[in-house]
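The lines below spell out each chain.
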Amino acid sequence: MPVERPASSLRLKIDREALAHNWRTLDRMSGSARAGAAVKADCYGLGVDACLPTLRAAGAQLFFVAHWGEVDRVAHHVPSDQIAVLHGPLTAGDAAYARARKVLPIINSLAQSKLWIESGGGPCHLMLDTGINRLGISPHETGDPLIAQLEVIGLISHLACADEDSAMNARQLDTFRALLPAIPHQFASLANSAGIALGSGYHFDVTRPGLALYGGVPRAELAGEIRQVATPEAAIIQTRQLSAGDKVGYNATFTAPAAMRIGVASIGYADGLLRSWGGKGAFLLRGDMRLPLLGKVSMDMVVVDLSQAPEVAEGDWVQIPYHLPDAAQISGLSQYELLTVLGQRLKSP
Ligand SMILES: *Cc1c(COP(=O)(O)O)cnc(C)c1O
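The rules behind each value
Starting from 1, residues in each chain are numbered consecutively following that chain's sequence as written. For a predicted model such as this one, the threshold for reporting local features is a pLDDT of at least 70, and the threshold for listing and counting side-chain atom pairs is 80 or more; totals across whole chains, interfaces and linings nevertheless cover every residue. For the side-chain quantities, the full set of heavy atoms in the structure was used; hydrogens and water were omitted. Runs of H or I in DSSP of at least four residues are treated as helices and runs of E of at least two as strands, each being numbered from the N terminus. For every residue, the accessible area obtained with a 1.4 Å probe (protein chains only) is divided by the maximum for its type, and the residue is called buried under 20%, exposed over 50%, and partly exposed between those limits. Whether two residues are in contact is decided by their heavy atoms, any of which lying within 4.5 Å being enough. Calculation of accessible area relied on Shrake-Rupley with a 1.4 Å probe; when residues are assessed, cover is drawn exclusively from the protein chains displayed. This count recognises Lys and Arg as positive and Asp and Glu as negative, with His and chain-terminal groups excluded. Charged groups are reduced to one reference atom each: NZ for lysine, CZ for arginine, CG for aspartic acid, CD for glutamic acid. Any two rings among Phe, Tyr and Trp, with Trp reduced to its six-membered ring, count as a pair given centres within 6.5 Å; such a pair is stacked if its planes are under 30 degrees apart, edge-to-face if over 60, and tilted if neither. Here, a charge over a ring means that NZ of Lys or CZ of Arg falls within 6 Å of the ring centre while also lying within 35 degrees of the ring normal. Counting rule for disulfides: a pair of cysteine sulfur atoms within 2.5 Å. When we speak of the arc, we mean the arc of directions from the helix axis to the C-beta atoms. Think of a polar contact as two N or O atoms within 3.5 Å of one another; within protein, one of them needs to be a possible hydrogen donor and the other a possible acceptor, and neighboring residues in sequence only count if both atoms come from side chains. Throughout, the edges of the domains are those of an automatic or database domain assignment. Residues are classed as near a molecule or strand on a simple rule: at least one heavy atom within 4 Å of it. Under the scheme applied here, ten amino acids are nonpolar (Ala, Val, Leu, Ile, Met, Phe, Trp, Tyr, Cys and Pro), four are charged (Asp, Glu, Lys and Arg), and all others, including Gly, are polar.

The secondary structure content of the chain amounts to 12 helices and 18 strands. Overall, the C-alpha framework of the chain stretches about 75 × 55 × 35 Å when taken along its three principal axes. Looking at the chain residue by residue over its 349 residues, the buried ones come to 53%. In the chain, the proportion of contacts linking residues at least 24 apart, taken out of those at least 6 apart, comes to 63%. Split by element, the accessible area of the chain, about 15400 Å² in all, is 52% carbon and sulfur. Charge centroids of the chain, computed over 30 positive and 33 negative side chains, lie 3 Å from each other.

Next comes the structure, spelled out in structure tokens:
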């Protein structure tokens, strides 16, 4: 008799309705522009297989990954010509792969333009650098004969400060607008999640939300609109009774002030609950009762205070509070990091 793999003491709840709601909200807020979806880094850590079918069913038709190695898993769910690869082709092999898989590269430099043209050319997207100085051709390069040979579908740029009220936003917008007429294209795209909230001037034809799809709130305008999508949950794998003066965890950083009951939760920094949570945050019981974290976070576990929750028994589940703006405050991590650090053990329960 084959024995089944036991159930995990760790899991990641994905609220697919919230994910669909967030895409539809961002699409609506994009006005006459269509919203695509940034699905790089395994849908910001939440899982391509968990998220892609929902995003596609909600209406998304353009999907952004960073690496060529991310194409396969996304292409399992959506037509390959709806996939754009942000890093673009670095080698002739990348270009050949793009063509064979009918995936569109994002061309980021004159060198990539040359590589793409020499490998046969064809439809591609083009990234213009309007000030972030990361990837993209510079404004003075737009007149290069290589650019004229590209068959540009999407003409794209990326905002550096969309999550702030910065003069840089309007400067990048002006630069992008000024460059558009120089390069024939089918659609123009500037805004990420935060950029959508900057207003219709930033929307162009296609927007590229990522963070906010997955519950992130990069600007106050989005606060009432975006719903939490991901909630990590861990089982209590042991409870114990402490006496006054007993210590908890590595380096004995917590000392019980009085007799108290504690629980050991099956989640640690290897799962993305980084040590910056230690001694600060609290887990939640049934969604609302706070169970403060005690001492340092270990690799596979962390201790919680059960003083106020005598009913909690071994095997019960607790939630990690993953309302991202709040979690960012508590942990000192960015909302992006909170999602992308979530570990593999959460996703293979
Ligand atoms: C990651 C990324 C996005 C999505 O940005 P969010 O801030 O997560 O909405 C959009 N465009 C580009 C070029 C990106 O790299």
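A word on the packing of aromatic side chains. Taken as a whole and judged by the stated rule, the model has 5 aromatic pairs. On the basis of an interplanar angle of 85° and a centroid distance of 5.0 Å, the ring pair of Phe-176 and Phe-204 is categorised as edge-to-face. Of the two residues, Phe-176 sits in helix 8 (residues 167-179) while Phe-204 sits in the loop between helix 9 (193-196) and strand 10 (206-207), which places them 28 residues apart along the sequence. A single burial state applies to Phe-176 and to Phe-204, both of which are buried. Chaining the aromatic ring pairs together yields one cluster made of Tyr-44, Tyr-214 and Tyr-336. The lysine or arginine in question, Arg-11, covers the ring of Trp-317, its NZ or CZ lying 3.6 Å from the ring centre. The ring centre of Trp-116 lies 4.3 Å from the NZ or CZ of Arg-99, which sits over that ring.

On inspection of all chains with the given rule, the structure shows 0 disulfides. Cys-43 takes part in no disulfide bond, and the closest cysteine sulfur, belonging to Cys-51, lies 4.4 Å away.

Attention now moves to helix 6 (residues 110-118). One full turn of an α-helix is made of 3.6 residues, so residues set three or four places apart face in the same direction. Taken together, the buried positions of helix 6 are Leu-110, Gln-112, Ser-113 and Trp-116. On an axial view of helix 6, the arc spanned by its buried residues comes to 155°, and they lie on one face. For helix 6, the exposed residues set more than 90 degrees away from the buried face come down to Ala-111 and Glu-118. Those residues of helix 6 that are buried are in contact with helix 5 (92-101), strand 6 (104-107), strand 7 (123-127) and helix 7 (145-148). The N-cap of helix 6, judged by a side-chain oxygen 3.4 Å from the amide nitrogen of Ala-111 a few residues on, is Ser-109.

Before going further, it helps to examine the domain arrangement of the chain. Per the domain assignment, the segments making up the chain are domain 1 (15-222) and domain 2 (230-321). A straight line from the C-alpha centre of domain 1 to that of domain 2 covers 40 Å.

Residues in contact with the ligand amount to 14 residues; listed here are only the nearest, Lys-40, Tyr-44, Ser-193, Leu-211 and Tyr-336. Asn-192 places a side-chain nitrogen or oxygen 3.1 Å from an oxygen atom of the ligand. Residue Gly-210 places a main-chain N or O atom 2.8 Å away from an oxygen atom belonging to the ligand. Summarising the interface, the protein chains cover 93% of the accessible area of the ligand, which totals 390 Å² for the free molecule. Among the residues forming the shell around the ligand, the class breakdown is 7 nonpolar, 4 polar and 3 charged.

Our next topic: the environment of Arg-345. Take Arg-345: it is sitting in helix 12 (residues 344-347). Take Arg-345: its relative accessible area is 39%, and that puts it in the partly exposed class. Along the chain, Arg-345 and Val-302 lie 43 residues apart, while their C-alpha atoms are 15 Å from each other. The contact partners of Arg-345, leaving out residues within four places of it in the chain, are Ser-8, Leu-10, Ala-270, Asp-271, Met-299 and Asp-300.

The residue Ser-113 is located in helix 6 in this model. Of the residues examined, Ser-113 reaches a relative accessible area of 0% and is grouped as buried. Note: C-alpha distance between Ser-113 and Gln-149 (36 residues apart in sequence) is 8.5 Å. Each residue touching Ser-113, except ones within four places of it in the same chain, is listed here: Ile-107, Leu-146, Ile-147 and Leu-150.

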